[in-house]
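So you can see what is in the structure, the chains are spelled out below.
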Amino acid sequence: MSALLEVESLNSYYGDSHILFDVSLTVGRNEVVALLGRNGAGKSTTLKSLIGAVRPRSGRITFDGTATQHLPPYAIAGLGMQLVPEERRIFGSLNVEENLVLAGLTAKSRWPLERIYSMFPRLQERRRSRGTDLSGGEQQMLAIARALVRDPKIVLLDEPFEGLAPIIVRDLLGICRQLAEAGQTIVVVEQNIQAAMTLADRVYIIDKGHIVEELTAAGVRARPEVLHRYLGV
Amino acid sequence: MITWPNFVSQLFNGLASGALLALISCGLTIIYGTLGVLNLAHGAMFMLGGYAGYVAFQATGSYVVAVAFGALFLVVVGAVIERVVIRQFYDRPPEDQILVTFGIGIVIVELVRLGFGSLTKTVPPPSWAAGVTPMGFLIYPTYRIVVLAIAAAALAALYIVLYRTRLGMIVRAGIEDSGMVGMLGINVYRVFMLVFGVGAMAAGFAGIVNAPVVSLTPDLGESILVQTFVVVVIGGVGSFPGAILGGLIAGEILSLTSMVNPAYSEVMLFVVMTLVLLLRPQGLLGLKGRA
C-alpha cells in the first residue's frame, strides 16, 4: 500500500532565506510520525509547506495520490489535511461553537459536535465563550478539535504541548494517544521529546533544514545518543 | 446666532449624515479587515453609486429602481475590480496596494467625468418623501428622515448578515485571520471577492441614497473618502460596531461644528481623531493588538 503522504526533495524559503533543503519524508496510513529538531531547524516550515501556507520553491508533495505542492491551503485542506498551528490561531471574536462550525463548513465528512464534546467536555462547558476568553489549554483543545471536525486523513500538530501546564499536557497527550489508537494519522512537531516519543511510531530528525536521521521508536530507544547529538538532550 | 430649533435641526442632520458615513465606513472597514487592502477607491465608489442611480432614475423615473440599481451595479463593479486587479496585489507590499486602489479611484472619477461632464447632476427625492415634516417646534426636510431610516435599515441588514449567517461568520473570522480560514478548507479568494463587492455596495448604496441631498459631481467622493478614514480610525480598524459609532460621532461633529463655523468642521474631525489616537490608539471599539 502506498504511503498517505510522500515528500520528495522539498525546498522552501522565507523571502530570500533558504529554510528547507531537499527534505524528503513519508507518512504511512494510521502512522504517527514525530519531527524533532532544535529551534529554527525547519520543523514548523515543513508543516506549513505541507499545508500550502508556505509555497515550496521545488520538490514534490503527494498527498493521498494527489500532487499538492502548487495547491493553496484551502484546496489541500479539502483533500483531508489539517494543521493545528503553533500559535493556535483561534478566532477570538467567534465563540467556541462558531469556531467548530466554521471549520466544518466545507468538509466532505465531519465529526458531529457531540463527538467533539465527548472528547473535550471542557469545550462543551465553554461553547458560548468567545475565543479570546479561553485559557491557553482550552485554546489548544479548541485548535485540535477544530482540526478534527473536518474528519481529516492527516493532522499536523505543531508544538501542541508548548507552554501548557503539566496536567493539561497529560490530558491532551491522552487524547492524542486515543486518536492514534483509533487509527488517526498524525505528524507531530514537539520540543517536549518525552511527550512526542510516547506517541510516535517513527521519528525524523531535522537539523538546519536537512533531514539527518530517520528512526523507528524502538531505534530511538536503542540509540539515545542520536537525540543527544542533534537535540542536545 | 444659534437658536434652539437650529441646534436640534443640526443634531438631526448630523444623525442622518452620520448614519450614511457609518454605512460607507462599514464597507471600508470590512474590506480592510478581511483583505488587508486599504481601498482608496472607496470614495469613487460612493460617487459611482450616485451616478448609477442617476442613470437608472433617468431611465425609469423610479427612486426605488435607482437605489436598487445603484447598489447592485456597485456589487458587480466591486467584485470585478477585486477579481481582475486587487487579486494580483495580495502578495505585494501595502504601498503597491494603496497605489493601485488610488489609481482605480482616479480611473473611475475620470470615466464618470468623460461620460457625464463636470456639471452637476441631480436626483430628486421621491415624491412621497419630498417637502418638509413638522416636528414640534421645527420643520424638517422629510427626505433627511428617510435617509436616516434607510441607512439604519441598511446597517441592520449588514449586521444580520455579519452576525447571524454563515457567510458573516466566515467574514468575521476572515477579518481576524484569513490565512487560518483558508487552512480550514474555505476558498478565501471567493470570500475576498464577495467582501469587496459588498463593501463597494455599501458605499454605492450610500451614494445613491445621498444623491437627492447633494448635487452629483465626479469629485464627490474625495471628501467622503477622507471622512471615512477618520471614522474607521475613531471606531477601530476592522470593527463593524466601531464604524457605526465612529460614523455617528463624525456626523455630529461635522454638523454641529458647521453650525458655528463651517470652515472648522473638518478640522474638528481631525482634532477628535488625534485625541482618539493619543488616548486609545486601537480606536474606540477596536481590539488591541490587531494588525
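Computed from a predicted model, the values in this text were never measured in an experiment.

## Quick word on the interface of chain B and chain A
Contacts between the two partners involve 16 residues from chain B and, on the opposite side, 22 residues from chain A. When chain B packs against chain A, close to 1900 Å² is buried across both sides, 67% of that on carbon and sulfur atoms. Its largest share of buried area at the contact with chain A, chain B owes to B:Met169, B:Met183 and B:Leu184, together 37% of the area lost on that side. Joining chain B to chain A, the criterion identifies 2 salt bridges. The closest approach of N and O atoms between B:Arg172 and A:Glu98, which form a salt bridge, is 3.1 Å. If you look at where chain B meets chain A, you find 9 residue pairs in polar contact (both at pLDDT 80 or more).

## Observations regarding the packing of aromatic side chains
Aromatic rings in a pair are described by how distant their centres are and how their planes are angled relative to each other. This model, assessed by the stated rule, comprises 13 aromatic pairs over all chains. Judged by centre distance (5.8 Å) and plane angle (15°), the rings of B:Trp4 and B:Phe7 are stacked. Of this pair, B:Trp4 and B:Phe7 both sit in helix H1 (residues 4-35), 3 residues apart, which is roughly one turn of that helix. Accessibility expressed as a relative area gives 27% for B:Phe7, which makes it partly exposed. Aromatic rings pair up to connect B:Tyr51, B:Tyr54 and B:Phe116 into one cluster. Positioned over the ring face of A:Tyr13 is A:Arg57, at 3.9 Å from the centre of the ring. The side chain of A:Arg115 reaches across the aromatic face of A:Trp111, ending 3.6 Å from its centre.

## Focus on the sheet that holds strand S1 (residues 5-14) of chain A
Strands pair in a sheet through their backbones, by hydrogen bonds, and they do so in one of two ways: parallel or antiparallel. Residue and element names in this part refer to chain A. Here 4 strands make up an open sheet; going across it, the order is S2-S1-S4-S5 and the pairing antiparallel. Where the open sheet ends on each side, the last strands, each with one partner, are strand S2 (17-27) and strand S5 (66-67). One ladder, built from 5 bridges, connects S1 with strand S4 (residues 58-63); its direction is antiparallel. Pairing of asparagine 11 across the sheet is with serine 58, part of S4. Of the strands in this sheet, S1, S2 and S4 touch helix H1 (residues 43-51), which is tilted by about 110° from S1.

## Comments concerning the pairing of strand S2 (residues 138-141) of chain B
All names here are of chain B. Of the two faces of S2, the one lined by Leu138 and Tyr140 is fully buried and the one lined by Ile139 and Pro141 carries no buried residue. Here 4 bridges tie strand S1 (residues 132-135) to S2, and the two strands are oriented antiparallel to one another. Paired with proline 134 across the bridge in S2 is isoleucine 139. Where S1 hands over to S2, the hairpin turn is made up of 2 residues, of which glycine 136 adopts a positive phi near 65°.

## Focus on the domain arrangement of chain A
Residue and element names in this part refer to chain A. For chain A, the assigned domains read domain 1 (1-79 + 161-233) and domain 2 (81-152). The centre of domain 1, based on its C-alpha atoms, is set 22 Å off from the matching centre of domain 2. On the domain 2 side, the residues contacting the 18 residues of domain 1 number 17 residues. When domain 1 packs against domain 2, the two sides together hide about 1600 Å² of surface, and 67% of this comes from carbon and sulfur. Counting across the interface, domain 1 meets domain 2 through 0 salt bridges. Seen at the junction of domain 1 and domain 2, the total is 4 residue pairs in polar contact (both at pLDDT 80 or more). Taken together, the elements giving at least two residues each to the side of domain 1 that touches domain 2 come down to H1, helix H2 (73-78) and helix H7 (166-181). Take the side of domain 1 that touches domain 2: its biggest share by element is 5 residues, from H7. Broken down by class, the residue content of the side of domain 1 that touches domain 2 amounts to 13 nonpolar, 4 polar and 1 charged.

## Remarks on the packing of helix H6 (residues 136-148) of chain A against H7(A)
Residue and element names in this part refer to chain A. In contact at an axis separation of 10 Å, H6 and H7 are set at 15° when each is read in the N-to-C sense. With respect to H7, the axis of H6 lies roughly parallel. In the crossing of H6 with H7, the sense of the turn from one axis to the other is right-handed. When H6 is examined against H7, the residues Gly137, Gln140, Met141, Ile144 and Leu148 are found in contact with a partner set consisting of Ile168, Leu172 and Leu179. Counted by class, the contact of H6 with H7 contains 6 nonpolar, 2 polar and no charged residues.

## Notes on the sheet that holds strand S9 (residues 202-207) of chain A
All names here are of chain A. If you trace the 6 strands from one edge of the open sheet to the other, you get S6-S7-S8-S3-S9-S10, paired in mixed fashion. Each edge of the open sheet carries a strand with a single partner, namely strand S6 (81-84) and strand S10 (210-216). For this sheet, the mean angle separating the axes of adjacent strands, direction not counted, is 15°. Note: strand S7 (residues 154-158) against strand S8 (residues 185-189), 5 bridges, orientation parallel. If you follow leucine 156 over to S8, its bridge partner there is valine 187. Where H6 meets the sheet, its contacts fall on S6 and S7, and the angle it forms with S6 comes to roughly 175°.

Each value, and the rule that gives it
Residues numbered from 1 in each chain as written. Chains lettered and ligands numbered in written order. Predicted model: local features only at pLDDT ≥ 70, side-chain atom pairs only at ≥ 80, totals over all residues. Heavy atoms only, no water. Contact = heavy atoms within 4.5 Å. Buried area = accessible area lost by both parts, 1.4 Å probe. Salt bridge = Lys/Arg side-chain N within 4 Å of Asp/Glu carboxyl O. Polar contact = N/O pair within 3.5 Å; in protein donor to acceptor, adjacent residues only side chain to side chain. Phe/Tyr/Trp six-rings, centres within 6.5 Å; stacked < 30°, edge-to-face > 60°. Helix = DSSP H or I, 4+ residues; strand = E, 2+ residues; numbered from the N terminus. Buried < 20%, exposed > 50% of the residue type's maximum accessible area, 1.4 Å probe, protein only. Lys NZ or Arg CZ within 6 Å of the ring centre and 35° of its normal. Pairing = 2+ DSSP bridges. Axes fitted to C-alpha atoms, helices over the stretch in contact; angles between N-to-C directions. Domains from an automatic or database assignment. Nonpolar A, V, L, I, M, F, W, Y, C, P; charged D, E, K, R; others polar. Parallel < 35°, antiparallel > 145°, perpendicular 65-115°, else oblique. Left-handed = near helix turned anticlockwise from the far one by under 90°.

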